[in-house]
Amino acid sequence: MPLQANQPYKPAFFEVAQIIDGKAVAAEVRRNVRAEVAVWTSEGHAQPYLAVILVGENPASASYVRGKIRASQDAGIAGDTLTFGANITEQELLDVVRDLGQQPNVDGILVQLPLPDHIRADRIIAELNPDKDVDGLHVVNAGRLATGQVGFIPCTPSGVVELLRHSEIETRGRRVVIIGRSNLVGRPLASLLMHKGYDATVTVCHSRTRNLSEVCREADILVAAIGRAHFVSADMIKPGAAVIDVGINRIEDNSRPSGYRLTGDVDYEAVKEIAGWITPVPGGVGPMTIAMLLQNTLLAAKRRTS
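Residues numbered from 1 in each chain as written. Predicted model: local features only at pLDDT ≥ 70, side-chain atom pairs only at ≥ 80, totals over all residues. Heavy atoms only, no water.

Q: Even after reading the chapter, I still don't get helix 7 (residues 186-193), so can you show me in this structure?
A: For the α-helix, the turn length of 3.6 residues means that residues three or four positions removed from each other point alike. With 7 of 8 residues buried, helix 7 is to be regarded as a mostly interior element. All of the buried residues in helix 7 are Gly186, Pro188, Leu189, Ala190, Ser191, Leu192 and Leu193. The elements touched by buried residues of helix 7 are helix 5 (139-146), helix 6 (155-166), strand 5 (175-179), strand 6 (201-205) and strand 7 (221-224). (Buried < 20%, exposed > 50% of the residue type's maximum accessible area, 1.4 Å probe, protein only. Helix = DSSP H or I, 4+ residues; strand = E, 2+ residues; numbered from the N terminus. Contact = heavy atoms within 4.5 Å.)

Q: I would appreciate a short explanation of the pattern of salt bridges in the present structure.
A: A full pass over the atoms with the stated rule returns 13 salt bridges. Across the pair Arg34 and Asp74 runs a salt bridge whose closest N-O atoms are separated by 2.8 Å. With Arg34 in helix 1 (residues 22-42) and Asp74 in helix 2 (residues 59-74), this pair connects stretches of sequence that are 40 residues apart. Of the charged contacts, one joins Asp95 and Arg98 as a salt bridge, the two residues approaching to 2.9 Å between their closest N and O atoms. In this pair, Asp95 and Arg98 are both assigned in helix 3 (residues 90-102), 3 residues apart and thus about one turn of the helix distant. Looking at Arg98, the relative accessible area reads 32%, which means it is partly exposed. Bridged by salt links that share partners, the residues Glu90, Arg120 and Arg123 form one connected network. (Salt bridge = Lys/Arg side-chain N within 4 Å of Asp/Glu carboxyl O.)

Q: Quick question: what am I supposed to make of unusual backbone geometry here?
A: Leaving glycine aside, a negative phi is the common case for residues, and trans is the common case for peptide bonds. The peptide bond linking Leu113 to Pro114 adopts the cis configuration, its omega dihedral lying at 5°. Relative to the elements of secondary structure, Pro114 occurs in the loop between strand 4 (108-111) and helix 4 (121-127). The residue after Val281, namely Pro282, is reached through a cis peptide bond having omega -5°. Inspection of the secondary structure puts Pro282 in the loop between strand 11 (277-278) and helix 10 (286-305). The residue Asp199 is not glycine, and still its phi comes out positive at about 55°. You can see Asp199 is positioned in the loop between helix 7 and strand 6. A positive phi angle, near 60°, is found at His230, a position not held by glycine. As for its position among the elements, His230 is in the loop between strand 7 and strand 8 (242-245).

Okay, here's the thing in structure tokens:
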């Protein structure tokens, strides 16, 4: 059961933080989407369809896209990767996005970022059909989220909230501090958590926030999304707080075949001794992003036919 307002935030039996297993939660979301898609298609509807645009030969981007397509297929969602060379012009890419937005069989469109330097990502995102923008990045969907209207919520913020819900971490009346003000995570997550039903009191911080450590120590829920390895230290954590680490950073590790390992924005080993809940990196927020993308794509298909 969620903690009540008059209870200490960290139960006395916690010696170290409970680990929030993002892989397990994401797997549950994906199973639910697969079941819903099966019912949807059994009722005579076409499979939801996701179009993913990949520009250039960035290995990390290509890997992310392959993962998204595999997850889509596993959930019963149809889709294709539209691959273009790095020399595609901005206008040509705009034409592709515009054409996909007009195709009735396409439910979701995702543009894999980053794009080559000569293409302005904001122009490409602005050309998306907001009702097919399953990444929730279009300004129309940002406005819908900020004003409490129906739209698509960006996948990572949506995944963060799902992790909190699944772990029965109460947000109502709680103090949430988000470190990072990006349009991908910080800003939309703040808007989402202030919605009726979540009812959190939200502070958005960044690297220039004065007395940042003191602000963080007031948080019942601390979300780190600043993109700096081990930026959040143990002395920034309120005992018993829930710590959600959105960061994914590569740091040198000669013991690994790759020469690096992934780590988050939180000093995990130190913070887990103080926090009540914590997400690992990898295996925390990351798997949720794809899971919520699948959920958004199914939702787009349902909205299209309603």
